[in-house]
Amino acid sequence: VVLRVDPAAWDLKVLTCPEQKVERGLEAWDWCRRFGLVAAINAGMYQADHRTHVGYCKIDGQVVNPGTNDYLSAAAMDPVDPADPAFRIFDLDEIALGEVAARYRTVVQNLRLIKRPGDNRWQNSRENWREAALGEDYKGRALLIYCHSKLPMHEFNTILLSLPLGLVAAQHLEGSGPANLWIDHPGVASLDLPGGKRSGLPLPNILGVAPRHPQASE
């Protein structure tokens, strides 16, 4: 399942339990209900405390986790300079994380799946899992991706790149049980989304989609 999001019509928001003063994590559908979102997916993996994002995380200009690691992908939203793209996945072996953080108010560091402009960077492995991922297409639109079938990530990337998505970059958000995508929009209400079921598993951080303009409908 791939949800394509045009950042000109929709806001991409990273929400976390500590920032929203939510004591425990919420299921994806509950994040949508409480915060007026039309979709929610994992924002990335989290630490053993079930609250803190793994890797650097800045939300709305506030650094919520200054810790960095060797993950080579950073999703950036809400640029300081309006001339910059509204949404961009950066390769951190091509640009320093500090430069990305200086240019964008929201930055989330995660594992890289696909390097710009469409290079499968995951090594061959027999390990497989269900996957929640974030992609960017050639027009700068965000792709919220959920695959219910368990696949090795190299094969998963190969499939994504073979689809007519115009995919140029992607990062891993979460795998297996915690991986979830919930879409709460009348245009897809009739779809039976494998990742859009109430799993009972609370998520401490999510990437949500909210209308930028009240009349937005697609």
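Quick note: structure is the one above.
A brief structural summary. (Residues numbered from 1 in each chain as written. Predicted model: local features only at pLDDT ≥ 70, side-chain atom pairs only at ≥ 80, totals over all residues. Heavy atoms only, no water.)

## Describing the pattern of salt bridges
In step 1: Following the criterion strictly, the structure yields 13 salt bridges and no others.
In step 2: Arg34 serves as the salt-bridge partner of Asp30, at 3.5 Å between the closest nitrogen and oxygen. Here the residue Asp30 and the residue Arg34 both occupy positions in helix α2 (residues 28-35), the gap between them amounting to 4 residues, near one helical turn.
In step 3: What makes Asp30 buried here is its relative accessible area of 9%.
In step 4: The shortest N-O distance in the salt bridge between Asp84 and Arg103 comes to 3.0 Å. Pair noted here: Asp84 is in the loop between β6 (73-79) and β7 (87-91) and Arg103 is in helix α3 (residues 97-103), with a separation of 19 residues, a long-range link.
In step 5: With a relative accessible area of 25%, Arg103 lands in the partly exposed category.
In step 6: Linked by salt bridges that have partners in common, Asp91, Asp93, Glu94, Arg112 and Lys115 make up one network. (Salt bridge = Lys/Arg side-chain N within 4 Å of Asp/Glu carboxyl O. Helix = DSSP H or I, 4+ residues; strand = E, 2+ residues; numbered from the N terminus. Buried < 20%, exposed > 50% of the residue type's maximum accessible area, 1.4 Å probe, protein only.)

## Examining the sheet that holds strand β15 (residues 205-211)
In step 1: Spatial ordering of the open sheet is given by β2-β15-β3-β14, a layout of 4 strands whose pairing is antiparallel. The open sheet has two edge strands, β2 (10-16) and β14 (181-183), and neither has a second partner. Pairwise comparison of adjacent strand axes, ignoring direction, gives a mean angle of 20° for this sheet.
In step 2: Pairing between strand β3 (residues 39-42) and β14: 3 bridges, direction antiparallel. Bridge pairing in β14 links Ala40 to Trp182. (Pairing = 2+ DSSP bridges. Axes fitted to C-alpha atoms, helices over the stretch in contact; angles between N-to-C directions.)

## With respect to the sheet that holds strand β13 (residues 167-175)
In step 1: Read from one edge to the other, the open sheet built from 6 strands follows the order β1-β12-β11-β13-β9-β10, with strand pairing classed as antiparallel. Both edges of this open sheet fall to β1 (2-5) and β10 (119-120), since each of them pairs with a single strand only.
In step 2: Relative to β13, strand β9 (residues 112-115) is paired through 2 bridges, and the arrangement is antiparallel. Looking across to β13, one finds that Ile114 is bridged to Ala170.
In step 3: Contacts between helix α4 (residues 153-162) and the sheet are confined to β9, β10, β11 (129-137), β12 (142-151) and β13, with β12 contributing the most and set at about 130° to the helix. (Contact = heavy atoms within 4.5 Å.)

## So, empty space enclosed by the protein
In step 1: For the coordinates displayed, the defined rule picks out 1 cavity of 30 Å³ or more.
In step 2: A volume near 40 Å³ is recorded for the largest cavity.
In step 3: Lining the largest cavity, in full, are Val14, Ala43, Ala75, Met77, Val108, Asn110, Leu134, Gln171, Leu173 and Leu207.
In step 4: For the lining of the largest cavity, the secondary structure elements donating two or more residues are β6, β8 (104-110) and β13.
In step 5: Across the lining of the largest cavity, the residue classes tally to 8 nonpolar, 2 polar and no charged. (1 Å grid on protein atoms, 1.4 Å probe; cavity = no way out; pocket = protein on both sides within 12 Å on 5 of 7 lines; lining within 4 Å. Points joined across faces, edges and corners; volume = space filled by probe spheres on them. Nonpolar A, V, L, I, M, F, W, Y, C, P; charged D, E, K, R; others polar.)

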